[in-house]
Structure formats: structure tokens, C-alpha cells
Amino acid sequence: MSNQELSEQQVIRRNSLQKLRELGIDPYPAAEFRVNATSTEIKANFSEEKSNYQDVVLAGRLMSRRIMGKASFAEIQDYKGRIQIYVNRDELCTGEDKTMYNEVFKKLLDIGDIIGIKGFVFKTQMGEISIHVKELTVLNKSLRPLPIVKEKDGKTYDAFSDAEQRYRQRYVDLIVNPQVKDVFIKRTKIINTMREMFNEYGYFEVETPILQPIPGGAAARPFITHHNSLNIPLYLRIANELYLKRLIVGGFDGVYEFAKDFRNEGMDRTHNPEFTVMEIYVAYKDYKWMMSFTEQICERVALALHGTTKVQLGENIIDYKTPYPRVTMTEAIKEYTGYDISGKSEEELREICDKLGIEIDPSMGKGKLIDEIFGEKCEHNYIQPTFITDYPVEMSPLTKKHRENPELTERFELMVNGKELANAYSELNDPIDQRERFEEQLRLSEKGDDEAMFIDQDFLRALEYGMPPTSGMGMGIDRLTMFMTNSPSIQDVLFFPQMKPEKKVTVELTEDEKAVMELLKTQSPVYLNELKEKSGLSNKKWDKAIKGLTKHKLAKVEKNDDGLFVELV
RNA sequence: CGGUCUGUAGCUCAGUUGGCAGAGCAGCUGACUCUUAAUCAGCGGGUCCAGGGUUCGAAUCCCUGCAGACCGACCA
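Since we're looking at a predicted model, the values are computed, not measured.

## Quick notes on the protein's contact with RNA strand B
And step 1. Not every one of the 57 residues close to RNA strand B is listed here, only the nearest: Gln125, Met126, Lys150, Glu265 and His271.
And step 2. Interatomic distance of 3.1 Å between a side-chain N/O atom of Asp158 and a base nitrogen of RNA strand B.
And step 3. When residues of the surface near RNA strand B are traced back to their parent elements, those giving at least two are helix H1 (8–22), strand E1 (56–68), strand E2 (71–77), strand E3 (82–88), strand E6 (150–152), helix H5 (163–168) and helix H18 (539–551).
And step 4. If you tally residues by element for the surface near RNA strand B, the top one is H5, at 4 residues.

Pasting the structure below:
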């Protein structure tokens, strides 16, 4: 990057960098800088009576400065938080040479630089716990100005709030918006809490393929890629279910994976093309057991994060206290539409959809129709955690038929805030039934349902060896994090949400500019009016072209006694 | 994919009827030894998203494009 493209503030910072080097200060030192305290720890534990923390070393980013002649206050931010520092000229520079204060601290350092300090903790006249600096080390010179967010009386001024910039430059977002960091700390705590719980139960964390020859285990459109040396297409997984079940066949009695899945579908505030799902499979259990297990997970996560089961989410308070109500899908539809769908044919269901004003198309089978009714009329009503159970067999091709009614399956979804949070079954382990269900999916696919499942022959082969009765559950981690951190958008719980590529800035000359350059090459300097006439450009086009050229420092306009001239640079 | 809105200094944002490009913070110069949105005096900083059109004249009006936000559609 040339100097012309840098803003004034960037140039000044580069100059300061150079001056630091001239003073013999390495702006990017290699040596370990060992700290012995953090900002929040000091603020929590310092007391004037005990007069502790009299020899502290900490490091962090300079976030604000208040310079007053021979003494200054500033704030540094470490990974825990911020603390004020007090820098006194004659104490930082005990000898005659006051360069470290007058030049380095006051002039050459900027907001955003990373420094290390040694000193002692004290309380200012205003009562703020601060660090009296005795020694200062430059650890990193920052070359770009940070957005400056200020705060007073809980009111935030000049917030860095542009969503696009926050997501594209998450590192800046994390530096200046402390609430953002908090969301991601909670996200990791959610995952750790779940992992801890599963390990207590003795379940085994595993990894399964992301590149799959057959994208199975869910109804969704996959991303496709290509393996060169095998010369075959491969798909990015849409789910890991079929692989985890193979492991249950293999003899593990509980396996789980925190998995990135990929779906080639629309993006909005609740959907990112890649997202994280926790899937767990436990042998010798059924979906009823899994319901209790699932509600325990939610309760435990809520307690770990908030110390209470009640969590604010938008205008609602969600209470994750167990147990949660269990409502069958048929009951749910009856409650919110008045129609009893049990035992109805595909034709009758189409009629019901028509009467309810639900849009349908011919490719939809019985299961999809019921799914539409539930999605349109019922789903959004379940704000508090609720299990919806016993889905129709057509929409659950991997689920065991219900032990009491073969039209239904042993499946539940956990609804929270009107959205699906988890999905679980008594897993289908009858290989012949499973083959028939796959074939039914194939027929749906031929009818035009582009989300119907492929037939995975190897998975069927595994089931033929025999899988114990098993219950499996998948939970959306992004969605759970949104619920637990009161985040309205999935982009707020992903460090790097998918974005359209940034537009490239081209410095290529336009056609008009090129034409003027050609003329200038034949004669330079030249009268401005003569050049303008030769170019044959309109006033506006001429103006754009010549301004463009001077901007790029390819030509310049000079005025002398004879008039205006244009000259090549 | 459709509708609405947005794009101006490093950040947050004004910009009237089309008539010299603005403020606060940040930056620079100076003053100031307990400040905290520090204060005081002075100064600099712009591809007004890009391209085209209308006009004597466009940040402003029109068209096209790009990027984003929100709401729908689709989906988890």
C-alpha cells in the first residue's frame, strides 16, 4: 500500500512507529512479558487498608488517555476488562531524561497500542482504583485508529454500531464492545457445560466425516465439492446422524459430537450456511428418556450461565426449570386449528390446508402437509420450553414407528420461543423398515421434493448387523446460544458470520482518463483549454477525467501568467 | 428472490428549495501534577459507495449497479 492511500491518522501512526525505532524502542518486541495480575482481579480485591497489589505487572491495550502536563491518566484493557492507570512524569522518568514521558507516552503512543506496565495500585481522590505506573514497555504499535466509544452515566456515545463493519471486522468489535465478548464467552460455556455433563454420564466424544459421499441424516440441500484424485463428488455434511449410529452399531453405548453442518439454503437472522449442532446417541434408551435428558441439559446450561433457570429473551422470560410440558402433534394441531388430523388421508389433509389458507404444492406428501399446518399455525405459540411429540411417520424417515400407533413415530422436538431447539427420536433400527422409508423418500424426490433423502446403502448394511434400541437427539448450538444470550440474530453468536465478499477497490483508469493520458503523452505541458478541446469530452466528463488523473498523481494542473497548464507528473 | 430504508472525515451523524462540504469525538500544535465523555486555545483532515443522465451548477433530482440493515418468502 502506498502512502497516498493512507489516511492522515495512519500516516501519523507510521511516523510514530519510525520515531520509536529511532529512540531505540522496538515497537514489536519478541520477549515474553510476564504479567502477575488482571484488571478485574485488582478491582475486585484491592483494599487501601491491606495495601495489597503494591507490585503489579499487567499488559493491555491503551483505550483512552487524559493528558495533563506532567501527569496523565489512561485506561488499559486486558482480556478481562479495563483499569485506569496514572502516569507521572517524574516517577516514570526518575533521571534527567524525560523522553519516556514527554515523547513516548504523550506523543508516540496512541489509543489502540498495546503496552505493559509495572507499578502499584492505589485509589484516586475520585475513588477510582488505579495503577500508579513506575515502568512502561511498548508491546505493540497499532497502525490503525480504533473507533472511540465513550461512556458516561451508563450512556454510550459514538458507539461502533454499524452491523456490517462489526461482523466483517469482528476483532474491532471485540476490542471496543465488551458485551460482544461476553456473548462468545457464554457460547463456549454452554458447550463446556454440555460436554461436562455428557462425560459425567460416560458418553464418548467423537469426530465423524464432514466430507461425505452421500449427504444423509436430514432433509436439506447440500453444498457439493469434488475430490480430484478419487474423481468423485463429495458433499459437505448436512448432519452427522448416520455416522454416529454406525458407531452405536460398532458397540459404543453413548456417542456425541459438536458438529459443524452445512446447508446450501437461504441466509437470514436465524440461518447461516454453516452452523453448529450437538448430536448425541445413547443405546438402550428411548425418546421418553431423551426428553428428560434434554430438559436437564437446558436447565443445567441456564443455571451455569445465569445462576437461575429464568432467562430473558426479547420481551419474554423463558423458564428452563424442568419438567417441560409434553404435547403430541395431533393435540397441538387440534388446539390451534380445531382440526383433528388423526387418520386423515392425503386428500383430506389438502382440504384442511385449503381451509386454513396454507399454501401447498403437489410435491407435498402427507407428512409435509402436516408439517406445514404445524409450522404455520402452532409452532410460534410455544414460547416456554415444550416438547412436541409423536410426529407422522411420513416426515420422520429415520424414526421408529410409535409403539402404540403405526401412523406416528417416536419423535419429539423441543420448542422454545416458537422455534425448534432440539429434535430427537427413538432411532429406527429395523433395517427392512429403514430401506422402505428410504425408498419412500426416493419417490418424494421423484415428485420434486429436492430435500428428500438419498439412500445410504452402507448405513443400511450397518443396520443389518444390528443396532441396539437407541435414542438420538440433535440440538442447535447457535440457536441455544441466541436464546441463552438474548441475541436476536445468529450473526451475533458467530464470530465470523458468512457475508458477501467485500467489494474490491479498483484503481484502474477509466476510458476517458486513458484518452486524456494519451493526449498528454504527445504534448506536455499543454494549455488546459487546448487539451480539453482535443479530448472532445463534455464538461462533466472532462472534469471527472482530469480530477481523476490529478488524484492518482499522474497529471497536475498549474497556473502561471500565461494561463492554466496541464502537465504529466 | 420481493418490499422498505441506508451508504457523507478514523468513529457517530447533520446537510434546508439544487448554489463554497458541516458538527461532536478521534488526530495535530500548545497550556495544565488526581483526571474520568477531563478542560482550555488554535489547526489539519473528504473518491459525499460506484457509474451514467438532467442542469449554468448535483452530496441533494432521475436511471443502473454495488454493499448493508429491517420485514416478508424459503429453511434449522
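## Things to note about the sheet that holds strand E10 (residues 224–227)
And step 1. The 3 strands lie next to each other as E9-E11-E10, forming an open sheet whose pairing is antiparallel. The open sheet terminates on both sides in strands that have one partner only, identified here as strand E9 (211–212) and E10.
And step 2. Direction of pairing for E9 relative to strand E11 (residues 232–236): antiparallel, over a ladder of 2 bridges. Considered in E11, the bridge of Gln212 is made with Tyr235.

## Describing the pattern of salt bridges
And step 1. This structure, assessed with the given rule, holds 39 salt bridges.
And step 2. Across the pair Glu241 and Lys245 runs a salt bridge whose closest N-O atoms are separated by 3.0 Å. Of this pair, Glu241 and Lys245 both sit in helix H8 (residues 241–249), 4 residues apart, roughly one helical turn.
And step 3. In this structure Glu241 comes out as buried when scored by relative accessible area, which is 5%.
And step 4. Across the pair Arg350 and Glu346 runs a salt bridge whose closest N-O atoms are separated by 3.0 Å. Placement of the pair is Arg350 and Glu346 together in helix H11 (residues 346–356), with a separation of 4 residues, close to one helical turn.
And step 5. Under the relative-accessibility criterion, Glu346 is labelled partly exposed at 28%.

## Here's the deal with the pairing of E1
And step 1. Note: E1 against strand E4 (residues 114–123), 6 bridges, orientation antiparallel. Following the sheet pairing, Val57 is matched in E4 by Lys118.
And step 2. Here 7 bridges tie E1 to E2, and the two strands are oriented antiparallel to one another. Counterpart to Ile67 in the pairing with E2 is Ser72.
And step 3. Taking the residues between adjacent antiparallel strands as the criterion, E1 and E2 are bridged by 2 residues, where Gly69 takes a positive phi near 60°.

## A closer look at the sheet that holds E2
And step 1. Sheet architecture is closed into a barrel: 5 strands sit in the order E1-E2-E3-E5-E4, paired in mixed fashion. The average undirected angle you get between the axes of adjacent strands in this sheet is 50°.
And step 2. Sheet analysis places E2 next to E3, joined by 7 bridges and oriented antiparallel. Within E3, the residue paired with Phe73 across the bridge is Tyr86.
And step 3. Lying over the sheet, helix H4 (residues 99–108) contacts E1, E2, E3 and strand E5 (129–140), oriented at roughly 50° with respect to E2.

How each quantity is defined
- Residues numbered from 1 in each chain as written.
- Chains lettered and ligands numbered in written order.
- Predicted model: local features only at pLDDT ≥ 70, side-chain atom pairs only at ≥ 80, totals over all residues.
- Heavy atoms only, no water.
- Near = heavy atom within 4 Å.
- Polar contact = N/O pair within 3.5 Å; in protein donor to acceptor, adjacent residues only side chain to side chain.
- Helix = DSSP H or I, 4+ residues; strand = E, 2+ residues; numbered from the N terminus.
- Pairing = 2+ DSSP bridges.
- Salt bridge = Lys/Arg side-chain N within 4 Å of Asp/Glu carboxyl O.
- Buried < 20%, exposed > 50% of the residue type's maximum accessible area, 1.4 Å probe, protein only.
- Axes fitted to C-alpha atoms, helices over the stretch in contact; angles between N-to-C directions.
- Contact = heavy atoms within 4.5 Å.

On their own, these measurements won't tell you what the molecule is for.
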